[in-house]
Amino acid sequence: MPLPLLVPIGMGVLGLFGLGKGAKAFMTNSEAKKIFKSAEGVVSDATDALEESREVCNQRLRDFGETKLQVISQEIQIFVAVFSKLKNVDLESSPELDKLNAGNFSELTLEELQHSCTFASSLLTGSASGAAAGTITAFGAYGSTMALASAGTGTAITSLSGVAATNATLAWLGGGTLAAGGYGMAGGAVVLGTLVAGPAVLVLGTVLGAKAKTKLNEAQTNLEKANTYDAEVRLVIEKLNAIIQVADFATNLLVGLQQRLMEANQHLAGVVEDAGEDYSLYSEEQQRAVFIAIQYAMLIKSTIDKPILNDDGSLSENAIETFANAMDMKFV
């Protein structure tokens, strides 16, 4: 074959080879692009689901906090007002004591209930503000124990607001950010114990910010990271759902107890109207009316004080048991 003919043939073969490489490269880049879009979709769907669960959980905790405030400002307020009128109250010498266990009700308990009323009143006055909304959520999650550490003063509300500012889970549930701690909006998920900062940052930094022309193996690696993120988010959502269930249960419990205390208050008020304010002159049935009102007030107090979340933001393991036991108690 003449040499001049070999050159064009050789060039043609090289051209076909180059065209084949180009086609393969195009197909590889196209596949990488599809994988990246898939990874972006996984991360986006998981993030949306997490955000939805976060918002629901925050609202349910706030609903519980608002229910607490409502019960305190209504039935507890009435109980405190009526019971405070009584004179010569001696719970320890009553034959009804063993049945109703009112012996651990004291002047300190009554004072704490009075402080709760003051706290509820001051918080409801400023409930329109964003800060108050966060405080109500914190009140739903943690109860009044820490809030009433310096009850009757502005410090009480400030200290409870501080929970939302310093607790990563609560700040995250409320949609806030943390000025310190390094986790920002992901902090709550970190504290919940599953979604660690590393994978979250890795996914958001590489999957969502990646370029489609990146190598195919890198695209597949990013998809694996996205799937890992999705699995971790699902675990966080499970924990959020558990908090939601406990908050709903506690809210329903408190609504039921509110109704029972309302009836007990009406009965007690009737006793005071008919028999006067001297407890020592009451019949056994009239003393029993006092005890029943005390028991429901104390049951409400224990429900309000019981935290749903631990200090680290995790779900309190014995919260549901405490609420379930309270649900089963009835005094007649």
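Predicted model only: the values in this text are computed from it and were never measured.

**Q** Give a description of unusual backbone geometry that names residues and reports values.
**A** We note that N88 has phi near 55°; this positive angle belongs to a residue other than glycine. With respect to the helices and strands, N88 occurs in the loop between α1 (3-83) and α2 (97-100).

**Q** Any details on the packing of helix α9 (residues 216-275) against helix α11 (residues 319-328)? Residues and values, ideally.
**A** Where α9 contacts α11, the axes come no closer than 10 Å and their chain directions differ by 25°. With respect to α11, the axis of α9 lies roughly parallel. As α9 packs across α11, the resulting crossing turns out to be left-handed. Counted together, V246, F249, A250, L253 and R260 of α9 and A319, I320, F323, A324, A326 and M327 of α11 form the full contact between these two elements. Residue composition of the contact of α9 with α11, by class: 10 nonpolar, no polar and one charged.

**Q** Any chance you could break down the packing of aromatic side chains for me, citing the residues and the numbers?
**A** With the rule as written, the count across this model stands at three aromatic pairs. Relative to F323, the ring of F64 has its centre 6.3 Å away and its plane inclined at 80°; by these criteria the two rings are edge-to-face. Of this pair, F64 sits in helix α1 while F323 sits in helix α11, placing them 259 residues apart in sequence. As far as the burial class goes, F64 and F323 line up, both buried. In this arrangement the basic side chain of K68 is found over the ring face of F139, its NZ or CZ atom lying 5.1 Å from the centre.

**Q** So what about α11? Which residues, and what values?
**A** For α11, the full list of buried residues reads A319, F323 and A326. Projected onto a plane normal to the axis of α11, the buried residues spread over an arc of 60° and lie on a single side. Turning to α11, the residues buried within the fold contact α9 and α10 (284-305).

**Q** Lay out the confidence of the model for the protein with the relevant residues and their values.
**A** Here the protein averages 75 in pLDDT, and 67% of its residues register 70 or above. For the protein, α2 is the element with the lowest average pLDDT, namely 50, and α9 is the one with the highest, namely 91. Below a pLDDT of 50 lies the segment residues 178-182, which in the model reaches five contacts outside its immediate sequence neighbourhood of four places, other chains included.

Cut-offs used in this document
- Residues numbered from 1 in each chain as written.
- Predicted model: local features only at pLDDT ≥ 70, side-chain atom pairs only at ≥ 80, totals over all residues.
- Heavy atoms only, no water.
- Helix = DSSP H or I, 4+ residues; strand = E, 2+ residues; numbered from the N terminus.
- Axes fitted to C-alpha atoms, helices over the stretch in contact; angles between N-to-C directions.
- Parallel < 35°, antiparallel > 145°, perpendicular 65-115°, else oblique.
- Left-handed = near helix turned anticlockwise from the far one by under 90°.
- Contact = heavy atoms within 4.5 Å.
- Nonpolar A, V, L, I, M, F, W, Y, C, P; charged D, E, K, R; others polar.
- Phe/Tyr/Trp six-rings, centres within 6.5 Å; stacked < 30°, edge-to-face > 60°.
- Buried < 20%, exposed > 50% of the residue type's maximum accessible area, 1.4 Å probe, protein only.
- Lys NZ or Arg CZ within 6 Å of the ring centre and 35° of its normal.
- Arc of directions from axis to C-beta.
- pLDDT = per-residue confidence, 0-100.

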